Amino acid sequence: MQLNAINATIREILNILDDLRRGRAEREDALKAVDELENQIDSMLAQLAPERITDERFTAAVNAIKEVSERVKNLRDSIIFGRYTHARRQVLEVQESVRHTYRLMMLIRAGAPTPLIFQVTPQFLREAEIAAPEALAYMHPMAAQIYNVLVRRGEAGIDELARELRVDDKTREEFNRAVAHLIASGYARPYLTPDNRMILRLGRR
């Protein structure tokens, strides 16, 4: 399993870093191990990559891969400049990012819905920018904001949306028009809860 190979290489890097601090290894040994780690990560991503991602899940995947790449680069820089104690912590950060990315790609490959992906992925992915449909963003900016909330959560109450978007008396009419447009265009579906509260659920994308 590719993840097992990655974890084994991470343990090897940790051991090399300990030896470097004791003068028992060469810097080149650590850099070669980091290169091998990066190759293994690339192989894992190639195996897990779905044939097609066309919605917000693509943004989440790109952000996850970018996070891994940045942390590997920072690790390599620390080794080059002899910051071995700091590098040891960065190895564990790389491992954490790899695990998150692995779980994310497994969910995407399995066809998990976007709201679920944003619920189970780490904070930096949940905060990833979501692009509303171009026509929606251009014609109805507030509708685009509501749409983005629904993409992340799957559903939200009307009152909850109004509070989150800080709707006041001046913007209430615009908010109501935005909700009506989302429902009419199929981007959101209205439902009534047993206590007669209206909620919106994500419709088409």
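Because the structure is a prediction, the values reported are computed rather than measured. (Residues numbered from 1 in each chain as written. Predicted model: local features only at pLDDT ≥ 70, side-chain atom pairs only at ≥ 80, totals over all residues. Heavy atoms only, no water.)

Draft legend 1. Region of interest: the environment of glutamate 96. Take glutamate 96: it is sitting in helix H4 (residues 84–109). Judged by relative accessible area, glutamate 96 falls into the partly exposed class, the value being 41%. Glutamate 96 sits 28 residues away from valine 68 along the chain, and the two C-alpha atoms are 9.0 Å apart. (Helix = DSSP H or I, 4+ residues; strand = E, 2+ residues; numbered from the N terminus. Buried < 20%, exposed > 50% of the residue type's maximum accessible area, 1.4 Å probe, protein only.)

Draft legend 2. Molecular detail of the packing of aromatic side chains. For the structure shown, the criterion picks out 1 aromatic pair. Measuring from centroid to centroid gives 5.8 Å for tyrosine 147 and tyrosine 187, while their planes differ by 85°, and the two rings are edge-to-face. Of this pair, tyrosine 147 sits in helix H8 (residues 141–153) while tyrosine 187 sits in the loop between helix H10 (172–184) and strand E2 (188–192); the two residues are 40 residues apart in sequence, bridging distant segments of the chain. Across from the ring centre of tyrosine 191, 4.2 Å away, lies the NZ or CZ of arginine 201, which sits over that ring. (Phe/Tyr/Trp six-rings, centres within 6.5 Å; stacked < 30°, edge-to-face > 60°. Lys NZ or Arg CZ within 6 Å of the ring centre and 35° of its normal.)

Draft legend 3. Representation of the pairing of strand E3 (residues 198–202) in the model. Bridging between strand E1 (residues 155–157) and E3 involves 3 bridges; their strand directions are antiparallel. Looking across to E3, one finds that glutamate 155 is bridged to arginine 201. Where E2 lies against E3, 5 bridges are found, and the strand directions are antiparallel. Each residue of the ladder has a partner; that of proline 190, found in E3, is leucine 200. (Pairing = 2+ DSSP bridges.)

Draft legend 4. Structural context of the pattern of salt bridges. For the structure shown, the criterion picks out 10 salt bridges. Note that arginine 21 is salt-bridged to aspartate 18, the shortest N-O span being 3.7 Å. Here the residue arginine 21 and the residue aspartate 18 both occupy positions in helix H1 (residues 2–21), the gap between them amounting to 3 residues, near one helical turn. Two residues, glutamate 155 and arginine 201, come together in a salt bridge whose shortest N-O distance is 2.8 Å. Of this pair, glutamate 155 sits in strand E1 while arginine 201 is found in strand E3, placing the two residues 46 residues apart along the sequence. Several salt bridges converge on common partners, so that one network encompasses Asp18, Arg21 and Arg88. (Salt bridge = Lys/Arg side-chain N within 4 Å of Asp/Glu carboxyl O.)

Draft legend 5. Quick peek at helix H2 (residues 27–48). Spanning 22 residues, H2 covers 32 Å between terminal C-alpha atoms, matching the ideal 32 Å at 1.5 Å per step. Here H2 has its buried residues at Ala30, Leu31, Ala33, Val34, Leu37, Gln40, Ile41, Met44, Leu45 and Leu48. (Expected span 1.5 Å × (residues − 1).)

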